[in-house]
Amino acid sequence: MKILLYPFASIYWLVTYIRNKFFDWGFLRSKKFNKPVIVVGNLNVGGTGKSPFVIYLIELLKDKGLIGVISRGYGRITKGYFFANYKTTFEQIGDEPMQFFERFRNKIVVGVDEKRVHGINNFIKDFNPDIFILDDAFQHRYVKAGLYILLTDYHSPYYEDHLLPLGRLREGVYGAKRAKIVVVTKCPEFLSSEEKKIIERKLKLQTYQSLFFSKIVYEDKIKSYNFTLNIKDISHYKVLLVTGIANCNNILDFVEQHFKSIIHLQFKDHHNFTEFDIENIQKSYQKIEGDRIILTTEKDYMRLKCFHQFRDNLYYLPINIELDRPEEFYELVNSYLKKNK
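Residues numbered from 1 in each chain as written. Predicted model: local features only at pLDDT ≥ 70, side-chain atom pairs only at ≥ 80, totals over all residues. Heavy atoms only, no water.

Asks: What exactly am I supposed to notice about the layout of surface pockets here?
Replies: Over the atoms rolls a probe the size of a water molecule, and its path tells where empty space is left. In this structure, the largest pocket encloses a volume near 840 Å³. If you go around the largest pocket, you meet 43 residues; those closest to its centre are G47, K50, E96, D269 and H270. Those elements that place two or more of their residues in the lining of the largest pocket are α2 (50-61), α4 (95-103), β10 (210-218), α7 (249-258) and α9 (298-304). Broken down by element, the lining of the largest pocket gets its largest block of residues, four residues, from α4. The residue inventory of the lining of the largest pocket, partitioned by class, reads 14 nonpolar, 15 polar and 14 charged. In this structure, the second largest pocket encloses a volume near 370 Å³. The element that contributes the greatest number of residues to the lining of the second largest pocket is α7, accounting for five residues. Residues of the lining of the second largest pocket, tallied by class, amount to six nonpolar, five polar and five charged. (1 Å grid on protein atoms, 1.4 Å probe; cavity = no way out; pocket = protein on both sides within 12 Å on 5 of 7 lines; lining within 4 Å. Points joined across faces, edges and corners; volume = space filled by probe spheres on them. Helix = DSSP H or I, 4+ residues; strand = E, 2+ residues; numbered from the N terminus. Nonpolar A, V, L, I, M, F, W, Y, C, P; charged D, E, K, R; others polar.)

See the structure below:
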C-alpha cells in the first residue's frame, strides 16, 4: 500500500515545494503588518498541542497589550470573518477559538477567518490589537509573520514522518527553516540531556533557530459550569472519560493515575457530538455504580456543555504546558516584541 502512495506523496511534495518557492521569490505576495505577528503551527496534521501552547503564549504576553488571536475556526458553520463575544457559540467560531475566549474573557480578542490577511485587517479596524497570535497558520504564507514558532510532537516528530498521503506532513521538512523557535511538545516527565541532544541532532536546526522542550501539565482541579472540585477530594470517584482530540494518551494516563477507575469513550478529533452520541454517553454513565463523574478535555467541553443533560455532572480538566527554559523563551519573544512595537 505504501508503494502505491509514494507517487502521490511525490506529487504533493512538488506542489507544496513550488508553492513555497513562489512565496520566497515573490511571485505570490505575503502581507507584512506593522504590528507584531506571531505564528504557532506545525508540519504535521493535528495533534502537536497547538492550543495549550497558544494558551501559554497568551498567559506570557497578556500584560504586554491587547492580544488578538486569529484562527481558521476548524469545524465552524460560519464563513469569513467572525469575532467572539459573550453570545458566541463554538458552532460559530470552532472549539479551539472558543476555548481561548472562555479562558481569557475580557483580556484578549478572538476571531476566525480562513483568510488571515482579511481577518487581521478587520481586527485592526474593530479592535486595533497590539499583538497578533495566529493559531495553526504555519502554512498560511499570505501573512508575513515576524516570529514563527514550530511545534513537533515528541512521540511523532516530523523528521520521522512522510508527506501526505503517505504520512501526515502538510509540507516537506524544508518548511521547518521558516521557524525561529522549534518546540518539542508532549515530552515525558523526565527527559535526559542526552536524549535532548539526540533529538536536536535529528532536527538539524539552523544556527538562527532555538530549541525548547515542553510537557503537558494538568491542574489539580476539575471544573464545570457551576463548580470547581479538587482532584484529591474525589480520587475515589469512577470516571467516564469522553475525548474528541487527536491524541488522548496524556489525559488518559493522568486520569488513570488520579482516579479509582476509568471508562474511556473516544471520538475523532473535533467530533461534532450528536444526540445519539449524548444518549450513548448517558447510558455508559448510568451503568457506572457508586461515586462517578463525566470528565472531558477543555476543548471538548466547549462542544459538550451545550447539551443541558450534562449541566450537573460534566467536568473538564484544564490543560497547561511547561517549558524547559521558560526565561530564555520569554527573552526571545520579548526581544521580538521590543523590536516590532
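There's plenty left to go through after this.
Asks: Can you walk me through the pairing of strand β5 (residues 108-112) in this structure?
Replies: Successive residues of a regular strand alternate their side chains across the two faces of the sheet. Taking burial as the measure, the five residues of β5 include five buried ones, the bulk of the element. Burial of the side chains of β5 extends over both faces: I108, V110 and V112 are buried on one face and V109 and G111 on the other. With five bridges connecting them, strand β3 (residues 67-71) and β5 associate as parallel partners. In the sheet register, S71 faces β5, and the bridge partner there is V112. As paired elements, strand β4 (residues 82-83) and β5 share two bridges and run antiparallel to each other. Residue F82 lies in a different strand from β5, and its bridge partner there is V112. (Buried < 20%, exposed > 50% of the residue type's maximum accessible area, 1.4 Å probe, protein only. Pairing = 2+ DSSP bridges.)

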